[in-house]
Amino acid sequence: MCSSGCETPVQCLTGALDTLAAQDLKPLFGPAVLERLRPLLVAGNRLSAEVARTVREGELTQAAEHDGKASMASWLRGHHRLSQGKASRLVRNGRALEQLPALAVASAAGAVTAEAVDVIAPVASAENLARAGAQGVDVAAVDAALAEVAATRPHAELRQVVGHYLARLDPDGTEPDPTESRSLVTARDSNGLVTGRFVLDPVGGEKLLAAVESIVQASRPAGDMRTRAQQQADAFVQLCDNALASGDLPTLRGHKPHVVVTIDLDDLMDTSTGGAGAGRTGFGGVISAAKARWLACGGNVTRIVIGPEGQPLDLGRSKRLFPPHLRRAVEVRDEHCVFAGCDAPSHWCDVHHLLHWIDGGETSLENSALLCERHHTRVHHGFRVERQPDGRWRTWRPDGTEILLPEPLLVGA
């Protein structure tokens, strides 16, 4: 117990943060603000090191299994709402600090940022450590040198030093797989717009540019006032339209990929109003009834009857396998994997019989749940999911204890 009366280090930390948050910064003059900020940045570095170290311990002890998760990365995403990239970096940084003790000491002292650890982390990968061992590289000396650069030199210089080391470590390596450098990240903002960032290798990028440019050049009507960026965005959407319409895309859980919109029949039929926010797309977007009617003009409309409590009605099937129309109803209701802390999209999921069909369970909406492959397996090995009367799903471990997610951190009024 420390002098402030808290019983654990984490309680002491929480108390200190509460005190800092309560401090009024308005009276502080410029230099005083900087003096306050400097130790906070160092403390942030130290806290990041502790988080990474704890994540590594959780990985070594398979702590995530306690909550039915396959890895610490998936636990961080599901239980603490971290992005996939952030969760993966935490796991990788924890491994790197374990393998590079000089870097770990500098991080624990607050001299090295989490971003710097992330840049150095590839040095500690199993593949690169094996290469270093085969070439007689003194990894301890490299560790010390990189820790010093990270603590004393600009971040851009650290990137150069690490890149130079890795290039020297494998100067005659095999031609890199182009897919390893590719990434595509998308997000939806508060206005429903889909934003994102992509990185492509030179060949993949050339393919994209050639395809987009072909459509841009083929669609240049007189009086076109669109900017170059707008033209390319329209061309990109047209590429997607063409691919979806071709029928050649891979299937998603037995169905050809298509744009899905859920909307009340009254809103769809009432052409006297735009119906803002009346429709919901399969990937979570919100659109107007007018846009839904526009989509319906060029596609098929599937009717799912909604009951008085806002849930799709039981379609009354008793087959072992869920037919496509019943699967659609389950997807509309559940939207994603219902296991606690999992947000795997519906096209990753199986439809699970809550009461197994061999035990007399019906193939019906009430006896179904969307579960991703991993959690479907978990439920068949002791875990249990159950839908409450209010529509919420709850998950229990094999020992009967419930998996509870932390409450969102809300700012008080």
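Here's what I pulled together on the structure shown here. What you see is a predicted model; the values in this text were computed from it and never measured.

Some words on the nonpolar core
Within the largest apolar cluster, 24 residues are counted, with the highest numbers of intra-cluster contacts made by Leu103, Val112, Ile120, Val123, Leu158 and Val162. At the level of secondary structure, the elements contributing two or more residues to this core comprise helix 4 (84-99), helix 5 (101-108), helix 6 (114-120), helix 8 (139-152) and helix 9 (155-169). Considering each element in turn, this core owes the most residues, five residues, to helix 8. Counting 22 residues, the second largest nonpolar core, distinct from the first, contains Leu326, Val330, Leu365 and Val379.

What about the pairing of strand 6 (residues 349-353)?
The buried fraction of strand 6 is high, at four of five residues. Sheet analysis places strand 6 next to strand 7 (residues 368-372), joined by five bridges and oriented antiparallel. Residue pairing in the sheet places His352 in a bridge with Ala369 of strand 7.

Here's the deal with the packing of helix 8 against helix 9
Contact geometry for helix 8 and helix 9: axes closest at 9 Å, N-to-C directions at 160°. One finds that helix 8 runs roughly antiparallel with respect to helix 9. Note on packing geometry: the crossing formed by helix 8 with helix 9 is right-handed. Between helix 8 and helix 9, the residues in contact are Val142, Leu146, Val149 and Ala150 and Leu158, Val161, Val162 and Tyr165, respectively. Class assignment of the residues belonging to the contact of helix 8 with helix 9 gives a composition of eight nonpolar, no polar and no charged.

Some words on a nonpolar patch on the surface
On the surface, a nonpolar cluster with roughly 700 Å² of combined accessible area is contributed by Leu13, Leu17, Leu20, Leu34, Leu37, Leu40, Leu41, Leu47 and Val51. Looking at the nonpolar patch, the elements with two or more residues in it are helix 1 (9-22) and helix 2 (30-60). Broken down by element, the nonpolar patch gets its largest block of residues, six residues, from helix 2. Residue position: Leu17 is located in helix 1.

Thoughts on the side chain of Ser368
One can find Ser368 in strand 7. With a relative accessible area of 0%, Ser368 lands in the buried category. A distance of 2.7 Å separates a polar side-chain atom of Ser368 from the backbone oxygen of Leu365. Apart from the residues within four sequence positions on either side, Ser368 is in contact with Phe322, Val330, Arg333, Val351, His352, Leu354 and Trp393.

Considerations on the packing of helix 3 (residues 72-80) against helix 4
Two numbers describe how helix 3 lies on helix 4: the axes approach to 9 Å, and their chain directions differ by 140°. As judged from the angle between their axes, helix 3 and helix 4 are oblique. Considering how the two elements wind past one another, helix 3 and helix 4 form a crossing that is right-handed. Contacts between helix 3 and helix 4 involve Met72, Ala73, Leu76 and Arg77 from the first element and Gln84, Ala87, Leu90 and Val91 from the second.

Quick look at helix 5
Along helix 5, the residues that are buried comprise Leu103, Ala106 and Ser107. All buried residues of helix 5 project into a common sector of 100° when viewed along the axis, lining one side. Buried residues along helix 5 sit against helix 2, helix 4, helix 6 and helix 8. Backbone geometry just downstream of helix 5 places Gly110 in the positive-phi region, at approximately 85°.

Section: the environment of Asp24
If you trace the backbone, Asp24 turns up in the loop between helix 1 and helix 2. On the basis of relative accessibility, which here comes to 49%, the residue Asp24 falls in the partly exposed class. A polar side-chain atom of Asp24 sits 3.1 Å from the main-chain amide nitrogen of Lys26.

Description of the side chain of Asp67
Relative to the assigned elements, Asp67 resides in the loop between helix 2 and helix 3. In this structure Asp67 comes out as buried when scored by relative accessible area, which is 10%. For Asp67, the contacting residues outside a window of four places in its chain are Trp75, His79, Phe339, Arg397 and Ile403.

Examining the pattern of salt bridges
Within this structure, the stated rule accounts for 16 salt bridges. Here Arg228 and Glu213 are joined by a salt bridge, their closest N and O atoms 2.5 Å apart. In this pair, Arg228 is assigned in helix 11 (residues 228-246) and Glu213 in helix 10 (residues 202-218), connecting sequence segments 15 residues apart. Note on Arg228: relative accessible area 42%, which makes it partly exposed. Where Asp390 meets Arg392, a salt bridge forms, and the shortest distance between an N and an O atom there is 2.9 Å.

Re unusual backbone geometry
Phi is positive for Arg81, which is not a glycine, with a value near 60°. Locating Arg81 in the fold gives a position in the loop between helix 3 and helix 4. The class for Arg81 is exposed, based on a relative accessible area of 51%. At Glu335, a position not held by glycine, the phi torsion is positive, near 70°. Along the polypeptide, Glu335 turns up in the loop between helix 14 (324-334) and strand 6.

Reading the values: rules and limits
- Residues numbered from 1 in each chain as written.
- Predicted model: local features only at pLDDT ≥ 70, side-chain atom pairs only at ≥ 80, totals over all residues.
- Heavy atoms only, no water.
- Core = buried A, V, L, I, M, F, W, Y, C linked by side-chain atoms within 4.5 Å.
- Buried < 20%, exposed > 50% of the residue type's maximum accessible area, 1.4 Å probe, protein only.
- Helix = DSSP H or I, 4+ residues; strand = E, 2+ residues; numbered from the N terminus.
- Pairing = 2+ DSSP bridges.
- Axes fitted to C-alpha atoms, helices over the stretch in contact; angles between N-to-C directions.
- Parallel < 35°, antiparallel > 145°, perpendicular 65-115°, else oblique.
- Left-handed = near helix turned anticlockwise from the far one by under 90°.
- Contact = heavy atoms within 4.5 Å.
- Nonpolar A, V, L, I, M, F, W, Y, C, P; charged D, E, K, R; others polar.
- Patch = residues over 30% accessible without salt bridge, like charges linked within 9 Å, V, L, I, M, F, W, Y side chains within 5 Å.
- Areas by Shrake-Rupley, 256 points an atom, 1.4 Å probe, with all protein chains shown as cover.
- Salt bridge = Lys/Arg side-chain N within 4 Å of Asp/Glu carboxyl O.
- Polar contact = N/O pair within 3.5 Å; in protein donor to acceptor, adjacent residues only side chain to side chain.
- Arc of directions from axis to C-beta.

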